Amino acid sequence: MSSGGLELPPGDDGHEGQDSQEAASTEIPPGAVSLARPMDVASQIGPELDWGADAWSEVRTRAQRAGRAYIWLNLVEQRLRAVVAAVLRPVYAPVHGEDWVVAAAGPAGQEWVQRAVAVREVSRRKGYLLDPADDNVLSFLTLPQLRELMVQHWPCFEPYFDDRRDVELALDELEVTRNVVSRNRALSETVLAQAERASSRLLDILGAGSDVPSARRLPVDAVEELVGDRYADVVGVHSDRVRLLRQFPAEDLFGGARRLDAIGIGLNLLAQNFSGRRLVRLAESGCRIRLLFLNPASSAVKRRERELGIKRGELSRSVEMNILHMRRVRARLKDPDAFEIRVFDETPRFNAYLVDGDGSDGIAVVQSYLRRTRGMEAPVLVLRGGGRIVKASASTDTGENGLFVTYRDEFEQAWADARPVS
């Protein structure tokens, strides 16, 4: 028997005194606990512990959602930390020096600020602080603690923000996500969407909104800001046009445009998803519109009909109907020259809708024509003009080097060679 009152298991078969031990083991004193022989764990591990395709898919989904949420939370925390430092440091630092955060926390925050001081000292000793900019107590405060500092000293922040309630509501919505991500639990799509909206709203309130001009039409995603240079200027990929319109309606795409250039076979995305009345208002508000259709009488239309396996003349009639529709729209305008229509006879290779393509805030929707796939079913790329979103360093070339410029140049060349429609 062990010193703790536990009955030890018998030894190996060849051990001396086995019989006497077996006899003794049958007489377990009261209060003693028998220790069972450990099972052969290795023999129990089998296929039931493997992860199948569904399990891996679920794990990856969790990781993707948590990663996106972490990026948003990280951006918000860094911005809030900078705001707190900018407002409170001038108030407390002249008297308390480097201990201004401890002084600002006051008696109410004594416990958590001292904990932050202790964590900072441990990080110093173990060499965890690789960036001197983080060697301060403020960098070790969590998002709720930064919020507490802001709330305690709201009179100092009030001149810079319109409504304290907006700030607190946004931070409340983020707290659910922060707890889920910090504990590595499953984050639902609904909570993630709520966190992204709250983070975006909070960054706008704190004066850290996106400086990308086209963000008013196509919001800049937090992940795009961080890794956008990996994908040139592609900011969205959709498996077909239906999914594009579900996330990015035609009104959001074309509404408020000052310039609209489109090239394709029938331009159905515009002709069938944006009403003629809206086109008239758009043109009368000053938007310059140029539409380039495939000539419905060209041999290229007949080849496309054979590729798609549709009846002869079906596609050409559809294109003619769209052109007639656009001619009627143009006829209603006071300045028809602001609404130009042309046709081309070359083999169509892609369709593209370029919105405000002459400036730094342009966006484009592009589809390639596949042999056996209608335009509605073809993959869609969404592009952002104005060059890269992310600059790796100050010396990075900021020239336009993405796909947007390529398709814009293709449009201009095709437009120059096309024939006007009266």
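See the structure shown above.
Now for a look at the structure at hand. (Residues numbered from 1 in each chain as written. Predicted model: local features only at pLDDT ≥ 70, side-chain atom pairs only at ≥ 80, totals over all residues. Heavy atoms only, no water.)

Turning our attention to the overall build of the protein chain. Secondary structure assignment for the protein chain yields 17 helices and ten strands. Every one of the 422 residues in the protein chain was classed for burial, and the buried ones make up 40%. Sequence-distant contacts in the protein chain: of pairs separated by 6 or more residues, those separated by 24 or more amount to 71%. For the protein chain, the accessible area works out to roughly 24,000 Å², and carbon and sulfur atoms hold 50% of it. (Helix = DSSP H or I, 4+ residues; strand = E, 2+ residues; numbered from the N terminus. Buried < 20%, exposed > 50% of the residue type's maximum accessible area, 1.4 Å probe, protein only. Contact = heavy atoms within 4.5 Å. Areas by Shrake-Rupley, 256 points an atom, 1.4 Å probe, with all protein chains shown as cover.)

Before going further, it helps to spend a moment on unusual backbone geometry. Phi at Leu267 takes a positive value of approximately 55°, unusual for a residue other than glycine. The buried category is assigned to Leu267, whose relative accessible area is 3%.

Further remarks concern the sheet that holds strand 10 (residues 419–420). The eight strands lie next to each other as 3-9-8-7-4-5-6-10, forming an open sheet whose pairing is mixed. A strand with exactly one partner marks an edge of an open sheet, and here the two such strands are strand 3 (234–238) and strand 10. Bridge count between strand 3 and strand 9 (residues 380–384): four bridges; the pairing is antiparallel. Within the sheet, the bridge partner assigned to Gly236 lies in strand 9 and is Val382. Strand contacts of helix 16 (residues 314–331): strand 5 (288–294) and strand 6 (339–344), with the helix running at about 160° to strand 6, the strand carrying the most contacts. (Pairing = 2+ DSSP bridges. Axes fitted to C-alpha atoms, helices over the stretch in contact; angles between N-to-C directions.)

Moving on: a positive patch on the surface. Positive charge collects at one region of the surface, where Lys302, Arg303, Arg306 and Arg312 lie side by side. Looking at where Arg312 falls in the secondary structure, it is placed in the loop between helix 15 (299–308) and helix 16. (Patch = residues over 30% accessible without salt bridge, like charges linked within 9 Å, V, L, I, M, F, W, Y side chains within 5 Å. Salt bridge = Lys/Arg side-chain N within 4 Å of Asp/Glu carboxyl O. Lys, Arg positive; Asp, Glu negative; His and termini not counted. Charge placed at Lys NZ, Arg CZ, Asp CG, Glu CD.)

To continue, consider the pattern of salt bridges. By the definition in use, this model includes 24 salt bridges. For Glu189, the salt bridge is made with Arg65, and the minimal N-O distance between the two is 3.8 Å. Here Arg65 lies in helix 3 (residues 53–96) and Glu189 lies in helix 9 (residues 189–205), a separation of 124 residues in the sequence. Overall, the relative accessible area of 58% leaves Glu189 in the exposed class. Glu168 is paired through a salt bridge with Arg147; the nearest N and O atoms lie 3.1 Å apart. Here the residue Glu168 occupies a position in helix 8 (residues 164–182), and Arg147 occupies one in helix 6 (residues 143–152), the gap between them amounting to 21 residues. For Glu168, a relative accessible area of 21% translates into the label partly exposed.

Formed by 57 residues in total, the largest nonpolar core has its most connected members in Phe254, Leu270, Leu291, Phe293, Met326 and Phe339. Residues Val76, Val83, Trp112 and Leu174 belong to the second largest nonpolar core, which totals 42 residues. (Core = buried A, V, L, I, M, F, W, Y, C linked by side-chain atoms within 4.5 Å.)

Spanning 19 residues, helix 8 covers 26 Å between terminal C-alpha atoms, matching the ideal 27 Å at 1.5 Å per step. Taken as a whole, helix 8 carries its principal kink of about 25° at Leu174. Of the residues making up helix 8, those classed as buried are Val167, Ala170, Leu171, Leu174, Thr177, Val180 and Val181. Packing partners of the buried residues in helix 8 comprise helix 3, helix 6, helix 7 (154–157) and helix 9. Sitting at the head of helix 8, Asp163 places a side-chain oxygen 2.9 Å from the backbone nitrogen of Arg165. Where helix 8 terminates, the next one or two residues include Asn184, which has phi positive at roughly 55°. (Expected span 1.5 Å × (residues − 1). Bend = angle between axes of the 7 residues up to and from the residue. Polar contact = N/O pair within 3.5 Å; in protein donor to acceptor, adjacent residues only side chain to side chain.)

By secondary structure assignment, the location of Gly207 is in the loop between helix 9 and helix 10 (222–227). A relative accessible area of 59% means that Gly207 is categorised as exposed. Between the C-alpha atoms of Gly207 and Arg79, which are 128 residues apart in sequence, the distance is 8.8 Å.

On the secondary structure map, Glu340 appears in strand 6. Side-chain polar atoms of Glu340 contact the side chain of Arg288, separated by 2.3 Å. Apart from residues lying up to four places away in sequence, Glu340 is in contact with Arg288, Ile289, Arg290, Leu291 and Trp415.

On to the environment of Ala416, then. Structurally, Ala416 is set in helix 17 (residues 403–417). With 74 residues separating them along the chain, Ala416 and Arg342 place their C-alpha atoms 9.7 Å apart.

Turning our eyes to something else, we now look at the packing of aromatic side chains. Here the distance between the centres and the angle between the planes together describe a pair of aromatic rings. One pass over the structure, following the stated rule, counts six aromatic pairs. On the numbers, 6.2 Å between centres and 25° between planes, the contact of Trp154 with Phe161 is stacked. Taken individually, Trp154 and Phe161 each receive the classification buried, so the pair is uniform in this respect. Taking the centre distance of 5.7 Å and the plane angle of 20° together, the rings of Phe411 and Trp415 count as stacked. Of the two residues, Phe411 and Trp415 are both situated in helix 17; the distance of four residues between them amounts to about one turn of the helix. For the pair Phe411 and Trp415, a shared accessibility class is recorded, and that class is buried. In this structure, Arg290 is placed above the aromatic ring of Trp415, and the distance from its NZ or CZ to the ring centre is 5.3 Å. (Phe/Tyr/Trp six-rings, centres within 6.5 Å; stacked < 30°, edge-to-face > 60°. Lys NZ or Arg CZ within 6 Å of the ring centre and 35° of its normal.)

Function cannot be inferred from these measures alone, as they are strictly geometric.
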